[in-house]
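Secondary and tertiary structure notes
Residues per chain are reported as follows:
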Amino acid sequence: MRSRDHAAALGGILVCLALALLLYHSLAGGTLLSANPYDSYALQAENWLAGCNYIAGGENYPWLELAIYQGRYYHSFPPVPVLWMLPWVLFCGSAAAVPSNLTIALLALVSACGCYLCCARAGFSPAAASCLTLFVSLGSNAFWLSTSGGVWFTAQILGLCLALWGLFFAQRDTALSTVLASLCMALAVGCRPFYAVLLAVWLARMAWSYARAGCWKKLLPALLPAALAAACMMGYNLARFGNPLEFGHNYLPEFTRAADGQFSFTYLAGNLANLLRPVTLDSTLQLHFEVFNGFLFFVANPLFLLGVLRGVAVLFRREPQTYLPPLPSRGWLIAGICLLLTLATCMHRTLGGWQFGARYLVDLFPWVLLWFLSRPDWQPRTGAWTLCGAAILFNLYGAVYMLQT
């Protein structure tokens, strides 16, 4: 019965998410099967298949963020999503024929599966697992990201997807599960580099556990896939830019012209302020918010608000942890890591550019989920479901609103 209940709940979520994406693209003019002009991952996959590690004729794509190095144009983002696009380019025949918006919609569905299964494996009820999965998939900026197969959004959704599946596999202690967890988390780094913190904390936890037990050999399934993935990505960077840590962003014209470069403390205060810009109502009850570099982060991503409210309840009730997640999950530690990653993100010259909400903070969802996993007895009550419904409505509204901007 319990397995059937979980299957039914997950199936219902996937149907609703798929329907929401279908309806969105219908409002957008029937674009679900369309190619996306900003899908430079498919373009790089096409060039890989032609034997090029650069973008041939890159000068013909002035709207793309291409790095210019020694007279050639290079894809300027971490390369793992290119692997996802390779079979699509092979099947469709060219980058221009790839249905980019469909590819990211499928990633959104797989990501929702990963979130739900993490909760189910930890022992959540179908209702609680559904609530958290809805917050992550439909009730956050992840939904708007899932509507467009552009390079920026593909990297974020695939990175989130891989991180969530990495956590799912890490919840089992078998050699195969460990290998898959290591591979997923390492590949997530190849989508969004700050997932390196997630991988590093997991590996440190594994090393500490096996050191206490005197079983160092058991660490190999965790180390080898991550090391292999890192070596491949660093070798790729070295072959292109002569630097194993350079994936191209520093050679983008916007950063080569910037006085303070790509990352700087000078950007920190302004970007932090952007994450706190309010959503307001005027005298006619019209909503107003910024569409460049973010607005109040917990309004766009109420999962953070749910986490804070749940944390206060846990503190006052002194609820103990009843499940040991694969990574440390103390509230103060999770909050500290999220704060540090937010500060590091805010040191970037931009905070995501044109967007609804605060899309960069979607990368923190696996950390918030980790904290919830430590207390799987939680049952969402009226307040949580009301906040979930409001989150979904606001993000559906936001996705449609962005069609007009």
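Now for a look at the structure at hand.

As a further point, take the environment of Arg 212. Among the structural elements, Arg 212 can be located in helix α9 (residues 196–213). In this structure the C-alpha to C-alpha distance between Arg 212 and Gly 352, which are 140 residues apart in sequence, comes to 42 Å.

We now examine helix α4 (residues 100–122). Here α4 contains 23 residues, and its C-alpha end-to-end distance of 34 Å stays within 8% of the 33 Å for a straight helix at 1.5 Å per residue. Immediately downstream of α4, the backbone of Gly 123 shows phi near 105°, a positive value.

So, about the packing of aromatic side chains. If you walk through the whole model with that rule in mind, you get 30 aromatic pairs. Geometrically, the ring pair formed by Phe 295 and Phe 394 is edge-to-face, given 6.3 Å between the ring centres and 70° between the ring planes. Within this pair, whereas Phe 295 is found in the loop between β4 (287–288) and α13 (297–300), its partner Phe 394 is found in helix α17 (residues 382–401), the two being separated by 99 residues in sequence. One exposure class covers both Phe 295 and Phe 394, and it is buried. Geometrically, the ring pair formed by Phe 297 and Phe 298 is edge-to-face, given 5.3 Å between the ring centres and 85° between the ring planes. Exposure remark for Phe 297: the relative accessible area of 24% places this residue in the partly exposed category. Residue classification places Phe 298 among the partly exposed residues on the basis of a relative accessible area of 32%. By way of ring pairs, the aromatic residues Phe 289, Phe 295, Phe 356, Phe 394, Tyr 397 and Tyr 401 are connected into one cluster.

Given a rise of 1.5 Å per residue, 22 residues ought to cover 32 Å, and the 31 Å separating the end C-alpha atoms of helix α10 (residues 220–241) matches this to within 8%. Taken together, the buried positions of α10 are occupied by Ala 222, Pro 225, Ala 226, Ala 229, Met 233, Tyr 236, Asn 237, Arg 240 and Phe 241. Down the axis of α10, the buried side of the element spans an arc of 115°, and every buried residue falls inside it. Exposed and oriented more than 90 degrees from the buried face of α10 are Leu 224, Leu 228 and Ala 239. Those residues of α10 hidden inside the fold are in contact with α2 (40–49), β1 (66–69), β2 (72–75), α3 (80–92), α8 (175–189) and α9. Phi for Gly 242, located one or two positions after α10, is positive at around 70°.

How each quantity is defined
- Residues numbered from 1 in each chain as written.
- Predicted model: local features only at pLDDT ≥ 70, side-chain atom pairs only at ≥ 80, totals over all residues.
- Heavy atoms only, no water.
- Helix = DSSP H or I, 4+ residues; strand = E, 2+ residues; numbered from the N terminus.
- Expected span 1.5 Å × (residues − 1).
- Phe/Tyr/Trp six-rings, centres within 6.5 Å; stacked < 30°, edge-to-face > 60°.
- Buried < 20%, exposed > 50% of the residue type's maximum accessible area, 1.4 Å probe, protein only.
- Arc of directions from axis to C-beta.
- Contact = heavy atoms within 4.5 Å.

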